[in-house]
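A closer look at the structure
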2 protein chains.
Amino acid sequence: MNQITQLEQRILETAERLFLEKGFAGTSTTDIARAVGCNQALVHYYYRTKERLFRGIFEQKMNLLLDYLDHAEYDGDLMQTMERVVDFYFSMLSANPRLPFFVMNELVLNAERRAWIREVFIRDERRQRAYYAFSDLVHREITKGALRPVEPLDLLLDVVSLTVMTFVTLPIYQDLLEKSPAEVETYLRGRKAEILIMLRRGFSPA
Amino acid sequence: MNQITQLEQRILETAERLFLEKGFAGTSTTDIARAVGCNQALVHYYYRTKERLFRGIFEQKMNLLLDYLDHAEYDGDLMQTMERVVDFYFSMLSANPRLPFFVMNELVLNAERRAWIREVFIRDERRQRAYYAFSDLVHREITKGALRPVEPLDLLLDVVSLTVMTFVTLPIYQDLLEKSPAEVETYLRGRKAEILIMLRRGFSPA
DNA sequence: ATCTTGTTTAATAGTGTTATTAAATAATGG
DNA sequence: CCATTATTTAATAACACTATTAAACAAGAT
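These lines cover the structure that appears in this document, whether it is placed above or below. No experiment lies behind these values; they were computed from the predicted model shown. (Residues numbered from 1 in each chain as written. Chains lettered and ligands numbered in written order. Predicted model: local features only at pLDDT ≥ 70, side-chain atom pairs only at ≥ 80, totals over all residues. Heavy atoms only, no water.)

1. Thoughts on the relation of the copies chain A and chain B
Note on the copies: chain A fits chain B at an RMSD of 0.1 Å, the axial shift is 0.0 Å, and the rotation between them is 180 degrees. What the rotation and shift describe, once combined, is the action of a two-fold rotation axis. The residues that chain A uses at the interface reappear at the interface of chain B in 100% of cases, marking a shared surface. (Least-squares fit on C-alpha atoms with pLDDT ≥ 70 in both. Contact = heavy atoms within 4.5 Å.)

Spelled out as structure tokens, the structure:
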């Protein structure tokens, strides 16, 4: 029960790392086995197919990404809520910077994955409810005069675009502009501040 | 000189389409040949390696993407210039919606490609000059009081984030929310308007 | 008509990929 | 200790991929 789970676990973790780094098409089960240091057949013993292994990871990562939104408390002030959300995702994504690209990448490149995801995620009541709650709140805040008139989906996309792109382009920023880890940290702090300014200005009423 | 160029051309066009759709790792020279309807060796006869074929396309697409910025006239009003830029890219990307993802994808997934790109693109004087001109203008406009204090890079990233993400997530929007082409067109018009509002509010002085 | 040059294909080497199978090894329970 | 079960590996099937080579084919020039 030790080495057993140990290898199975290490395969999962390594697969995770490699898929996140190189994507589904760019990672082979041989790569994974090599990185773990075990026989390639073992990957298939535990997960049967590369697709199954991938899906498990993909689903988990997708949930990790959406969980916070599902449970977000849309209390009184939407502007404050928005700041909390950005704050949370900046922390979370600083620890997992390749997460958003990973999910986006596979959804964009693979139409079958989109179809599959449509069934599993979009038709999930919890998620539907969360979106309607959010949508209602936006409309209420607009009526209240606490928010500029805006489509809920637009608001969502604006926040997501600014936040996600910061992390998606991070490897490019690092490598192309040859930045050190310390510089990257400063840069991320700066980006977060900038995004909050944009959102505050962009959505304040009047 | 007819059938000659014809096949060479069709190989290039097909490669372009497939690379844009599935990425480098997801497209094989066999796929390309199959789609063209020619022998697979012909792809190698004209382009020698998959990597060379890809690089030609990648470089061309990257230039296509950056060309406008290199020649953008930063005249009097920055805000107006910004609107022209967004307007241009929305037209251009509506015709080539997979372009930004294609470039981003390869840069994020492939570190060697980043290194190569760093040499070819970043160390290009025209590009350097264009960026400095832009950076200077931003600082001048801030001093003039025509623009909120902001780092030029932040301004650039905000514009790029909002614009690019609209197109990157387009397949997801289409498929996951099951939208028709007509709905997509309306959606894009809406996004452009929304982005212009965000930018105007986000960067107007005071 | 044949020589030359450029185009296209068939064949294939060489490698890498996913996946399965059977055998070896380790661990566990009776 | 032995039987059973779970883990791990070696071997390999079956196929896909990149790239090369030599030969077939077509055109135009001489």
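2. Some points on helix α11 (residues 181-203) of chain B
Here α11(B) spans 33 Å end to end across 23 residues, near enough to the 33 Å set by a 1.5 Å rise per residue. Restricting attention to buried positions, one finds in α11(B) the residues Val184(B), Tyr187(B), Leu188(B), Arg191(B), Glu194(B), Ile195(B), Leu196(B), Met198(B), Leu199(B), Arg201(B), Gly202(B) and Phe203(B). Buried positions along α11(B) lie against α9 (152-168) and α11 (181-203) of chain A together with α5 (78-95), α9 (152-168) and α10 (170-176) of chain B. (Helix = DSSP H or I, 4+ residues; strand = E, 2+ residues; numbered from the N terminus. Expected span 1.5 Å × (residues − 1). Buried < 20%, exposed > 50% of the residue type's maximum accessible area, 1.4 Å probe, protein only.)

3. Topic: the pattern of salt bridges
Tallying each qualifying case throughout the model produces 38 salt bridges over all chains. We note a salt bridge from Arg123(A) to Glu119(A), for which the minimum N-O separation is 3.4 Å. Residue Glu119(A) is classed as partly exposed on the basis of its relative accessible area of 44%. Linking Glu194(B) and Arg148(A) is a salt bridge whose minimum nitrogen-to-oxygen distance equals 2.9 Å. Separated into two different chains, Glu194(B) in helix α11 and Arg148(A) in the loop between α8 (125-144) and α9 make up a pair that spans both. In this pair, the class of Glu194(B) matches that of Arg148(A), namely buried. One connected set of salt bridges, linked through shared partners, spans Glu51(A), Arg55(A), Glu106(A) and Arg113(A). (Salt bridge = Lys/Arg side-chain N within 4 Å of Asp/Glu carboxyl O.)

4. A word on the side chain of Arg191(A)
Relative to the elements of secondary structure, Arg191(A) occurs in helix α11. Overall, the relative accessible area of 0% leaves Arg191(A) in the buried class. With residues near it in sequence (within four places) discarded, Arg191(A) still touches Phe90(A), Leu162(A), Thr166(A), Asp154(B), Leu157(B), Asp158(B) and Ser161(B).

5. Points about the packing of helix α6 (residues 99-109) of chain B against α9(B)
Residue and element names in this part refer to chain B. Relative to each other, α6 and α9 sit at 100 degrees, their axes nearing to 8 Å. In terms of their interaxial angle, α6 and α9 are classed as roughly perpendicular. For the pair formed by α6 and α9, the contact residues are Pro100, Phe101 and Met104 on the first element and Val164, Phe167 and Val168 on the second. Of the residues that constitute the contact of α6 with α9, the class distribution is 6 nonpolar, no polar and no charged. (Axes fitted to C-alpha atoms, helices over the stretch in contact; angles between N-to-C directions. Parallel < 35°, antiparallel > 145°, perpendicular 65-115°, else oblique. Nonpolar A, V, L, I, M, F, W, Y, C, P; charged D, E, K, R; others polar.)

6. Details of the environment of Thr49(B)
All names here are of chain B. Positionally, Thr49 belongs in the loop between α3 (40-47) and α4 (50-71). Thr49 sits in the partly exposed class, given a relative accessible area of 29%. Taking the C-alpha atoms as reference, Thr49 lies 8.9 Å from Thr29; in sequence the two are 20 residues apart.

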